Amino acid sequence: MSSTRMIKANGVELFVREAGQGPLVVLCHGWPELSYSWRHQIPALAEAGFHVVAPDMRGYGQSSAPPDVAAYSIFDTVGDVVGLVQALGETRAMAVGHDWGAPVAWHAALFRPDIFTAVAGLSVPPPFRGRGRPLDLLRQGGVTNFYWQYFQTPGVAEAELERDVARTMRIVLGGRGLADPTAAMFVQEGKGFLGHAGADEPLPGWLTETDLAYFTEAFRKSGFRGGLNWYRNIDRNWELTAPWQDAQIHQPSLFIAGSKDAVITGLIGAKRVNELERVLPNLKGRLILEGAGHWVQQERPHEVNAALVKFLTACAAQ
């Protein structure tokens, strides 16, 4: 049975879900999600002998949401996880992240190998620092309607997503999601991020009305600005990580994604998935779940849990 509490770390307060005893595993969620996204993994990992902690990341849910856009850099988000480990009285942990939480987990392992002894990333491959600022490279490539670009101007995406939060969450999580690269990642003029998608389609089997109601209520209270501010640091993160150009993550690592996830089939990650070992020389597994989409740990919890338990158990035994 998991419990919840607030923990002060890195100058912010983080709401966390927690269960189990044993080696520490930190679960980092993505956008637009919450610690609740790990509801299937927390009990499974606790039962397997781990102390599992899943925070609402900064800007989300019941955790602190600093007003300054600059407070959402990769240094701040990794700093939260480092601070969380310390606040729990631990010196070692294993990091698992999905979507935006994956870059946090990857960079935690990259920045602090003395703390993070193993790392698993879901949906988003490890950091391949390119030759220039990501948003500059998009423009130079003639791309002007990628969703990253739409999210940049404060207030624009917030207004669209917050107009009807229930519709937003039903479309993003339960409907269009990130399964169709053309629909999900490119914003058509005048249609916004959600397009003209209807919100009356039945939910997929992995997402219940109760689940959707939880996400909806949380984002009604918090709004979307905190999560969107992560995207507004994409170019700044590139600048900040210059000292780690071409650096590798040497800890044991695992990558999991769905075969229908636009992040690994589209503009961002198709090539990167084929070159994981460039950054992850100690890669222990590459699990691509056939037919799964972007919300892989919610869509296919049994397979994801089995892979994580096997990987983390082996790492903890070393």
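Rules used in this analysis
- Residues numbered from 1 in each chain as written.
- Predicted model: local features only at pLDDT ≥ 70, side-chain atom pairs only at ≥ 80, totals over all residues.
- Heavy atoms only, no water.
- Buried < 20%, exposed > 50% of the residue type's maximum accessible area, 1.4 Å probe, protein only.
- Helix = DSSP H or I, 4+ residues; strand = E, 2+ residues; numbered from the N terminus.
- Pairing = 2+ DSSP bridges.
- Right-handed = clockwise from strand over helix to strand, strands pointing away.
- Phe/Tyr/Trp six-rings, centres within 6.5 Å; stacked < 30°, edge-to-face > 60°.
- Lys NZ or Arg CZ within 6 Å of the ring centre and 35° of its normal.

1. Observations concerning the pairing of strand 4 (residues 51-55)
Buried residues dominate strand 4, accounting for 5 of its 5 residues. The two faces of strand 4 match: His51, Val53 and Pro55 on one face and Val52 and Ala54 on the other face are all buried. Where strand 2 (residues 12-19) and strand 4 come together, 4 bridges link them in antiparallel fashion. Residue pairing across strands places Val16 opposite Pro55, the latter belonging to strand 4. A crossover links strand 3 (residues 24-28) with its parallel partner strand 4, the connecting element being helix 1 (residues 41-47), and its sense is right-handed.

2. Some words on unusual backbone geometry
Between Trp31 and the following residue, Pro32, the backbone shows a cis peptide bond with an omega angle of -15 degrees. Of note, Asp99 is a non-glycine position whose phi angle comes to about 55 degrees, a positive value. Along the polypeptide, Asp99 turns up in the loop between strand 5 (93-98) and helix 3 (101-111). A positive phi is found at Ser123, a non-glycine position, where the angle reads about 80 degrees. With respect to the element layout, Ser123 can be found in the loop between strand 6 (116-122) and helix 4 (134-140). Residue Ser123 is classed as buried on the basis of its relative accessible area, which comes to 0%.

3. Here's the deal with the packing of aromatic side chains
Describing an aromatic ring pair means giving the distance of the ring centres and the angle of the ring planes. Considering all chains together, one arrives at 22 aromatic pairs under this definition. With a centroid separation of 4.4 Å and 20 degrees between ring planes, the pair formed by Tyr36 and Tyr214 is classed as stacked. One end of the pair, Tyr36, is in the loop between strand 3 and helix 1; the other, Tyr214, is in helix 9 (residues 209-222), with 178 residues separating them in the sequence. We classify Tyr36 as buried; its relative accessible area is 14%. Classification of Tyr214 by relative accessible area gives partly exposed; the value is 29%. Consider the rings of Tyr147 and Phe151, whose centres lie 5.5 Å apart with planes at 90 degrees: the pair is edge-to-face. Here Tyr147 falls in the buried class, since its relative accessible area comes to 6%. A cation over an aromatic ring shows up here: Arg129 above the ring of Trp238, its NZ or CZ 4.0 Å from the ring centre.

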